[in-house]
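Fold and geometry: a report
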Amino acid sequence: MLVGTHTYTWVTKNTVSIIGYFYDNTNTFFFGEDALAYILKKIQKKTTKEIAQSLHGIFSIIIEFDTHIEIISDRIDFFPIFYFVDESQYIYVSDSWWNIQTQKKQFLPNEDAYLEFLAGGFVLGHETLDKTIKKTKAGEICCIYNNGLVEHNAYQSYIPLEFRTSPYDTIYNDVCSAISEAGNRLEKFLQNRTAVIPLSGGYDSRLIACMLKKMNYQNVICFTYGVKNKEQELSQQVAEILGYPWFFIDYTQINTQEYLQSPEFIAYAKSYGNGFAMPYMQEYFAVKFLKENKLIPLDSVFLPGHRAEYIKVLQKMICEKPKIVSVKNLPQCIEQKIFNIKKKTKKQKAVLHNRLRETLCVSWQHLALQDFSLFEGWTVSEKYSKFIFRSSFVYPFFGYQVYLPLWDKQLMNVFLDISSDYKVERVLYRTILEEEFFKPNGVCFFEQELHSASYAKYFFQYCKDKIRYIIPWGIVYARMKKTDWMGYSFITLPMHQEIRNKTGKYLTAFKNFNAVICRWHILFTEKSLKN
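For every chain, the first residue of the written sequence is number 1, and numbering continues from 1 along that sequence. pLDDT decides what is reported in this predicted model: residues at 70 or higher carry local features, side-chain atom pairs at 80 or more are listed and counted, and totals for whole chains, interfaces and linings draw on all residues regardless. Water and hydrogen atoms were dropped before computing side-chain values, which therefore reflect all heavy atoms in the structure.

1. Some details on the pairing of strand β11 (residues 195-198)
Going by this rule: Residue exposure (1.4 Å probe, protein chains only): buried if accessible area is under 20% of the type maximum, exposed if over 50%, otherwise partly exposed. Helix numbering and strand numbering both begin at the N terminus, where a helix is a DSSP run of H or I of at least 4 residues and a strand a DSSP run of E of at least 2. With its strands directed away from the observer, a crossover is right-handed exactly when the path from the first strand over the helix to the second travels clockwise. Strand pairing requires that DSSP identify at least two bridges connecting the strands.
The alternating pattern of β11 places A195 and I197 and V196 and P198 on opposite faces, both of which are buried. Tracing the backbone out of β11, into helix α6 (residues 204-214) and back to the parallel element strand β12 (residues 220-226) gives a crossover that is right-handed. Bridge count between β11 and strand β14 (residues 301-302): two bridges; the pairing is parallel. In the strand pairing of β14, V196 is matched with F302.

Encoded structure:
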């Protein structure tokens, strides 16, 4: 029942199955049969937890023992595994939620999961849209015993036990060194293949472009997508100055009228959503355009700028709720900041708070609750793994490999225990990028930069959110379309029309167009399972 993707296939021998790739502690790269041989050798001498802690990459490993099955998920759960134990204790395991649905034949809607999905774009914890089908989580080992019992053991914590007290210069140099080492691993992975960078006007993707320039890597293509705006202009400037080819995919010129009925998109919606996540639409049309017009080689490697330096959300919390986050008020904070793409009733908020408490690790209560560490840790293990990093699934769907340069293990560990004093407004991160990478390459634009919003802008946004559902919806919707630089309003229009056809009315009272995608996907899932 293991499916894989167009790019990554499962490799199996004896009792071990593996998908993806990884580095070990010696920085040796393993993929395919080599990765399988490595795991087969290691399980003779080490525990699965020891093996998991020594690896970094995107992978899932399934090991069958006499008494149980162990599933090792990487630190972002890029290849989630689903499982279902029936009444006779027969265990179904697959990387396809839809495959298990076919086997069990009866869909049992998970009402709490529906609420989470519609409000945030993903399902919490180990739950899925079907109450009887569960899934793995990032940085965990899932043990499924022959008697049907299931255990989840975390091998990766995103909460530091203590914070570094090193001088600023020491931390500065440590980060620079970590970025340099991440660049070396990136170059080793590419092996002269074409590096394709989704280049925005921000700092993260620009860093990747500068890392490659610093290494004198020649095989680079950049692209930007959406509607022409300031971000598109900045990304074009960066690519031209660095000497890289750059393409812009104008979403106003893309035909979005019939894509919902295409077999390709239906397959994408199923494999991406997989019973727990909102299908990511931002780059779907861009990658499809690049492939169909043969603008990039088939062996290209996409390098998205995703990272675990999630300071924008952290800064919003400090601006809007300056008191220390505790276990007690954390669920409310998460509900307000993350599960906010649609209007919720008081009852729905209370349900979300209870579900969020279930996903918080009990051991966190014994830590020094400072620097918003609890919020940061939850964000990586839940939202980042299921929503942000999940967006990279679009590349292997179209047959391309993906590598996450800024989700490098060493780089992640350097940032993990840094005080929020260096994180708010991305002070340290931004300074290093500007001084060490952007200015030397002539791509630091000072007043033109799209910096993180100021406290005043965050407060203004906070006020807008407070009155959003008081103002007539027609005015709010018109404003959303006017500021829609991604082109989501017309990309999601066919979805909106289907929602109206099936429910008798258009969706209203939402914060962004992801709410339309989520509502459509629920209807799509229910319809597909009935057919």
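2. With respect to a nonpolar patch on the surface
Quick reminder of the rule: Residues enter a patch when their relative accessible area is above 30% and they make no salt bridge; the linking distance is 9 Å between like charges and 5 Å between nonpolar side chains (Val, Leu, Ile, Met, Phe, Trp, Tyr). Shrake-Rupley sampling with a 1.4 Å probe provides the accessible areas, and residues are treated as covered by the protein chains on show and by no other component. Put simply, a salt bridge is a Lys or Arg side-chain nitrogen that is within 4 Å of an Asp or Glu carboxyl oxygen.
There is a patch of nonpolar side chains on the surface, built from I467, I470, I471 and I475 and spanning about 380 Å² of accessible area. Inspection of the secondary structure assignment puts I470 in the loop between α18 (455-467) and α19 (473-482).

3. Regarding unusual backbone geometry
For N27, which is not glycine, the phi torsion reads 70 degrees and is therefore positive. We classify N27 as partly exposed; its relative accessible area is 31%. Phi angles above zero are rare outside glycine, and K294 is one such case at about 50 degrees.

4. A closer look at the pattern of salt bridges
All told, the structure shown has 15 salt bridges when counted by the stated rule. The salt bridge partner of D130 is K104, with a shortest N-O separation of 3.0 Å. Of this pair, D130 sits in the loop between α4 (111-120) and β8 (134-135) while K104 sits in helix α3 (residues 97-104), placing them 26 residues apart in sequence. K104 carries the same exposure label as D130, and that label is buried. When the shortest N-O distance is used, the salt bridge between K502 and E498 registers 3.7 Å. Residue K502 and its partner E498 are located together in helix α21 (residues 493-503), separated by four residues, close to a single helical turn. Shared partners join several salt bridges into a network, and the residues in it are E116, R355 and E358.

5. Re the sheet that holds strand β13 (residues 246-250)
Adjacent strands of a sheet form backbone hydrogen bonds with each other and so pair up, either parallel or antiparallel. The cut-off we apply is this: Only heavy atoms matter for contacts: two residues are in contact if any of them lie within 4.5 Å across the pair. Lines fitted to C-alpha atoms define the axes here, with helix axes fitted over just the stretch in contact, and angles between the N-to-C directions of these axes take values from 0 to 180 degrees.
With respect to topology, five strands assemble into an open sheet ordered β13-β12-β11-β14-β15, the strand pairing being parallel. The open sheet terminates on both sides in strands that have one partner only, identified here as β13 and β15 (401-402). One ladder, built from five bridges, connects β12 with β13; its direction is parallel. Following the sheet pairing, F223 is matched in β13 by F247. Along the sheet, helix α7 (residues 230-242) makes contact with β12 and β13, crossing β13 at roughly 160 degrees.

6. Describing the state of the cysteines
Which entries qualify depends on this criterion: Pairs of cysteine sulfur atoms within 2.5 Å are identified as disulfides in what follows.
The tally for this structure, following the rule as stated, stands at zero disulfides. You can see C143 has no disulfide; the closest cysteine sulfur is in C142, sitting 6.7 Å from it. Relative accessible area serves as the criterion here: at 5%, C143 is assigned to the buried category. Of the cysteine sulfurs around C210, a residue in no disulfide, the closest is that of C444, at 9.7 Å. Judged by relative accessible area, C210 falls into the buried class, the value being 0%.

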